[in-house]
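What follows is the residue order along each chain.
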Amino acid sequence: MGSFGEPMDLDVAPASPRSLKRKTDGILPEPKRAAQEPAGDEVLESTWNTEDETSTFRKFTSKSNSLPFGQPIDYASISGPTYVTAQTLVQQVAYALSDKIFSYSPESFDLDVAVKNWSAQKVANANGYATQVAPMQTRSGAGSIALGYMFSKDFDLAKRYIPQALLASSSSLHSLRAALDQLSLLYSVANPFVAHVAAVDYASTSGLVTDYATAFTVAEELGLGLVSSTSVYETQHMSLFATIVATVLPTVHIYDGINVGRGTLRVVDVLSQSGLSATYSKSLKAISKLGKKADAETKVARLLKAFNNELGTTYDLFEYHGHESAETVLVVFGTVEGSLAKQVAIKLSAEGKKVGVVNVRVYRPFSEEAFLNVLPTSVQTVAVLGQVIDTIAVEDESTHSNLYEDVLAATVFSNEFSTTLTIKDHKYSRADVFTPTSIATIFSSLVSKNAEETTRIELLDVSKVQQYTFWDLEDSPSATAPSAISKFLSGDSTNHLFSNQTHDNLVQGGTVRTEIRVSKKILEAYYPIEEADIAFVGEAKLLKEVDIVKSINKGGKLILKLPGAKDEDLEKKISVAIRNDIKFREIQLFILDPTLSPTIEKESATEALLSELAFLKLARPQLLGAGLDKLAAVNGSTKLFSEISADLEKALRAFEIPESWSEVETDADVVQLARTIKSSSFTGFEKEDSEPPSLLRDWQSAAKGLVFKEAYGTKEALRPDLSVKTYEITVQENRRLTPLTYDRNIFHIEFDLGSSGLTYNIGEALGIHAENNVKEVEQFIEWYGLKSDDIVEVPSREDSCVLDTRTVLQSLIQNIDIFGKPPKRFYESLAEFATDENEKKQLLVLGGPEGANEFKRRAEVDTITYADILLEFKSAHPSFHDIARIVSPMKRREYSIASSQMVGPTTVALMIVVVNWIDPKGRDRFGQATRYLSELPIGAKVTASVKPSVMKLPIKDTAPLIMAGLGTGLAPFRAFVQYRAMQKAQGKDIGSILLYMGSRHQREEYLYGEEWEAYQDAGVITLLGRAFSRDQPQKIYIQDRMRQTIDDIVKAYIKEEGSFYLCGPTWPVPDVTEVLEEAIAVEAKAGNKKIDPRKEIERLKEDLRYVLEVY
């Protein structure tokens, strides 16, 4: 890294106007306002929140769901009882107290939309000037600009005491890690630094997920403070407290970024800017009297006490709720988790159940003494609700949550309890969503081993809370209705309202669910509504994808929008199962038909107003009179509402449920629908006409796209066409393991991870995003008549919204699998371009069932490629953009990792054999990825990703390992042995290791042979069984060596409960399994036991003690 004052290049990545409805790097415009000043650096004006000129009336359009009711909020109005979102409060604290805000807000997350607006308006902060806002891109090296700013030689030292703030999501922490590490080392001479982190990331299989696990790891490893908010009501206080803690050590304030962060509700005790500033200054005086030797834990505890004194609050490092003599206590960290666990524990303890919960407010520094003090002396079992990355980590018994390890360390040596505590790790993945019932089920499982799922519990008194749900498509004319209704109902100061939205772009092309709860008491319910009084469904198709009716209260109301539908048509629109539910649950059904409204016929956009009135007629009929003026102040106009009101009697009708809806079809297939939608985005996607998959452009057009990125929606990224998370790593070693004269090229390649952020676990695989051979691509381009330098835009086949701008040469090298094996459909697709009738007929035959034998010969014997076929059928000459459409994209190739990151933190190694053969025409053929890797020079950059694997070490370090590897199948075992050797060097006890290796010749293929022998001499490897099949007249295979040492296998595998692993080709699996079955039988006979070896192998598979990774 250069000196801190030096500038560095940034990749600024604005949203593509092709993919999302809006950009998030713009500021919120005010009506009739001229151009705005930039916030710190230049900020482009938003396109998603501009006035809609196609309508004649005022709409209630959401600007961002991170803002209260989706609307901009005046900075000065944030004080006292106010409707806000947690996001708004976080941004208010950051703006009020910071010198500069560095924002790493992913596209559409809007973590900085409010501060940008305030900064553009030149609103003064508590220090007397407008806070600068610097939007940044999350990428490798992120955070360096913040360091450069603070430690620049031009930095105003008078500002050294003023905090610097960072706004980010959990997904950015990996990229910020290096900068945070550097900051920790230099913190004694740095500004106070606080990172407000929304606990949200995107998982390819689960959509948006709540991510605390990443923050746990980063805070622990870098020595950062970590503070959590457990509700919206305390978000402002905890943002402020984290900023205060930042005067002691760099601190992360984390809060739920999906539900709690964006829900709108009223907070009655919001501090104004002056209140924030005063509390900040007065609280800091508490540590001024502490000696310099006081540790961070002591200082944080003293600060929290002073903080409580200033605000009259009772926050603590750890907070206990539940039965005073609880025997089972659940330890929880997180916003939704903490809120629900607290409420459920209080409810269960009121019923006499001896359970409780400890909410962790300050995770780092972790005060063991404070934690033990809040535990009831009666406690017997302490369970930790600990988050881990994914379901694989949940199922892996060797993986523990970070929180569990801290709790275990705090309790294991404690003498404060009469009995030895049982500590349990109840892991959950980032994708898990909690409800009151699921939390109650956890308590039940801890109290009783045979507990079944708990009957659904309701934390709210449904007789005193009104609950409404709205389900609609993103682009529906009535999609804005629930937001307008929320704003309208919030005008009643005697009520508390909570409103939030969930977007799922994978259901019906974009679906939004809005929930509204209204109560006389303060609401704290961060979970989906399960007993709605009224459900409004704006699109009948949603009933086929989501079990909406199940979430309606018995006797509740369902408003179904069905344009032009007659009563006799309803049975065609609603399935039998849903009709049964409506009948049995006594749900009142109302049909809303917008086509019966003359007003909507003249102005289609007024459908939103009709939906609002239809809802209010059923939910709050008393408001339809005098309340219309207030509703008109939110959207529409008094005149329009008068006209729509006249139409309402025709457009909204009650439907009498016929007795036939109670008839159950016993032979009908019951489709289990999802109870709700998953959050996959924070906004909808723009619906656009499809574009050609590839467009050739001249270099001038491409240059415009690269220079004027915002205007052209250009985005720079490392392999943007790939959906998996990728890293750029560097070749530091590439050496052949077999002699040059040998026909098999097996090589060892090692990469330097540098600052890529790539991490991997033992046994995982490295995905290599390889490239086609340049010379072969150039030959194809010359033959096919293409121009190498033509610019082409190729959309990713994994994400058609992403355009990858390359030259034709680059596209064929990096994107298009032109030398790959074509499937049948390629022949069929190519036939469309053939001008010669005979060639067209032949292509159609090859693509059809009658050409199956010929196709198989071409694929398996001739190993024909896409390029070969294009060469063969010369009359079929598709254009380049058609080639990009019908030829498959290149796929990554995955190889077992041959190293342990615990041993070599900055490197990752692979052992690979080059795949090569000679086809029937005498041509040398090569596997694309293996040849690419074998030819890489030292210093070459490679794009890589990590894939989880079943190859995992046993939980116990003393459990023996029996490993069988053929050829390059030895790769993961090198990682296993490296790790066990490190443990032994640290003085730890390790289990015995039996390593069986198989190859053709010892002289040529003794792969890592010297390493294995060194490990054996060091006592790490117990037995080395080498099977070189062709070094003697009779063939000796790996199963033969295993059978020769079956007594050792019996001891290690059966008696000492070891684990067996086989990696390599599939052919030896039956023979190797047979040896293991023999070992099981030998031990059973010796112990006079009757065991079926085959069934025992199946049991061992389930226990992960018989693991195969074969290909």
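Residues numbered from 1 in each chain as written. Predicted model: local features only at pLDDT ≥ 70, side-chain atom pairs only at ≥ 80, totals over all residues. Heavy atoms only, no water.

**Some details on the nonpolar core**
For clarity, the cut-off: Only buried residues count toward a nonpolar core. Its members are Ala, Val, Leu, Ile, Met, Phe, Trp, Tyr and Cys residues joined through side-chain atoms within 4.5 Å. Relative accessibility decides the category of a residue: with a 1.4 Å probe and only protein chains considered, values under 20% of the type maximum give buried, values over 50% give exposed, and everything between is partly exposed. Per the convention used, a helix needs a DSSP run of H or I reaching at least four residues, while a strand needs a run of E reaching at least two, with both numbered from the N terminus. Contacts are assigned to residue pairs with any non-hydrogen atoms lying within 4.5 Å of each other.
Counting residues in each nonpolar core, the largest one holds 143 residues, and the members touching the most others are Phe241 and Phe371. A per-element tally of this core places helix 1 (residues 86–97) first, with eight residues. Residues in contact with Phe371, not counting those within four places in the same chain, are Phe318, Val331, Val358, Phe366, Val407, Ala410 and Thr411.

**A few points about the packing of aromatic side chains**
Stated formally: Two rings belonging to Phe, Tyr or Trp (six-membered ring only in the last case) form a pair when the distance between their centres is within 6.5 Å. Interplanar angles under 30 degrees mark stacking, angles over 60 mark edge-to-face geometry, and anything in between is tilted.
Under the counting rule described, the total for this entry stands at 35 aromatic pairs. Look at Phe318 and Phe371: their rings are 5.5 Å apart centre to centre, the planes differ by 70°, and that puts the pair in the edge-to-face class. Of this pair, Phe318 sits in strand 11 (residues 318–322) while Phe371 sits in helix 10 (residues 368–374), and the two are 53 residues apart along the sequence. On the accessibility criterion, Phe318 (1% relative accessible area) is buried. We classify Phe371 as buried; its relative accessible area is 0%.

**Observations concerning the sheet that holds strand 5 (residues 193–199)**
The line we're drawing: Pairing between strands is defined by DSSP: at least two bridges between the two strands are required. Note on geometry: axes are lines fitted to C-alpha atoms, helical ones only across the stretch in contact, with angles between N-to-C directions running from 0 to 180 degrees.
If you trace the seven strands from one edge of the open sheet to the other, you get 3-2-4-5-9-8-14, paired in mixed fashion. Lying at the two open borders of the sheet, with one neighbouring strand each, are strand 3 (132–135) and strand 14 (362–364). Between one strand and the next, the sheet's axes are offset by a mean angle of 20°, whatever the strand orientation. Where strand 4 (residues 164–169) lies against strand 5, six bridges are found, and the strand directions are parallel. Bridge pairing links Leu167 to His196 in strand 5.

**Section: the sheet that holds strand 36 (residues 993–999)**
Spatially, five strands are ordered 37-36-35-38-39 in an open sheet, and the strand pairing comes out parallel. Two strands close off the open sheet at either side, each with one partner strand: strand 37 (1023–1028) and strand 39 (1106–1110). Put simply, the sheet's adjacent strands are angled 10° from each other on average, direction ignored. Pairing analysis gives six bridges linking strand 36 to strand 37, with the strands arranged parallel. Along strand 37, the bridge assignment pairs Tyr996 with Gly1025. Its contacts with the sheet place helix 36 (residues 1069–1086) against strand 38 (1059–1064) and strand 39, and it is angled at close to 165° to strand 39.

**Digging into helix 27 (residues 852–860)**
What counts here: The reported arc concerns the directions from the helix axis to the C-beta atoms and nothing else.
For helix 27, the complete set of buried residues consists of Phe855, Arg858 and Ala859. Projected down its long axis, helix 27 carries its buried residues within an arc of 95°, all on one side. What points out from helix 27, more than 90 degrees from its buried face, is the exposed set Asn853 and Glu860. In the core, the buried residues of helix 27 are packed alongside helix 25 (824–831), helix 26 (837–846) and helix 28 (866–872).

**Observations concerning the pattern of salt bridges**
Counted only if it meets this: Definition used for salt bridges: Asp or Glu carboxyl oxygen within 4 Å of a side-chain nitrogen of Lys or Arg.
Applying the stated criterion across every chain yields a total of 38 salt bridges. Here Lys583 and Glu659 are joined by a salt bridge, their closest N and O atoms 3.1 Å apart. In this pair, Lys583 sits in helix 16 (residues 576–584) while Glu659 sits in the loop between strand 23 (652–655) and strand 24 (695–697), placing the two residues 76 residues apart along the sequence. Take Glu659: its relative accessible area is 58%, and that puts it in the exposed class. By sharing partners, the salt bridges in this structure join Glu854, Arg857, Arg858, Asp862 and Glu872 into a single network.

**Some details on the confidence of the model for the chain**
Counted only if it meets this: Known as pLDDT, the predictor's per-residue confidence is scaled from 0 to 100.
Mean pLDDT over the chain works out to 86, with 89% of the residues at or above the 70 mark. The model gives residues 1–55 a pLDDT under 50, and that stretch makes 132 contacts with residues more than four places away or in other chains. Low pLDDT, under 50, characterises residues 709–713; the stretch is placed with 13 contacts to residues that sit more than four places away or in other chains.

**Some remarks on the side chain of Gln91**
The cut-off we apply is this: Pairs of N or O atoms within 3.5 Å make up the polar contacts considered here, provided that, within protein, one atom can donate a hydrogen while the other can accept it, and that residues adjacent in sequence are counted only when both atoms are side-chain atoms.
Checked against the element boundaries, Gln91 lands in helix 1. Of note is the side chain of Gln91, whose polar atom sits 3.3 Å from the backbone oxygen of Leu111. Beyond its immediate sequence surroundings of up to four residues, Gln91 is in contact with Asp110, Leu111, Asp112, Val113, Ala114, Val115, Trp118 and Leu167.

**Observations concerning unusual backbone geometry**
In this chain, Arg364 is followed by Pro365 through a cis amide linkage whose omega measures 0°. Structurally, the position occupied by Pro365 is in the loop between strand 14 and helix 10. You will see that Leu1104, though not glycine, has its phi angle at about 60°, which is positive. Assignment of secondary structure puts Leu1104 in the loop between helix 37 (1093–1102) and strand 39. Among the residues examined, Leu1104 registers a relative accessible area of 52% and is labelled exposed.

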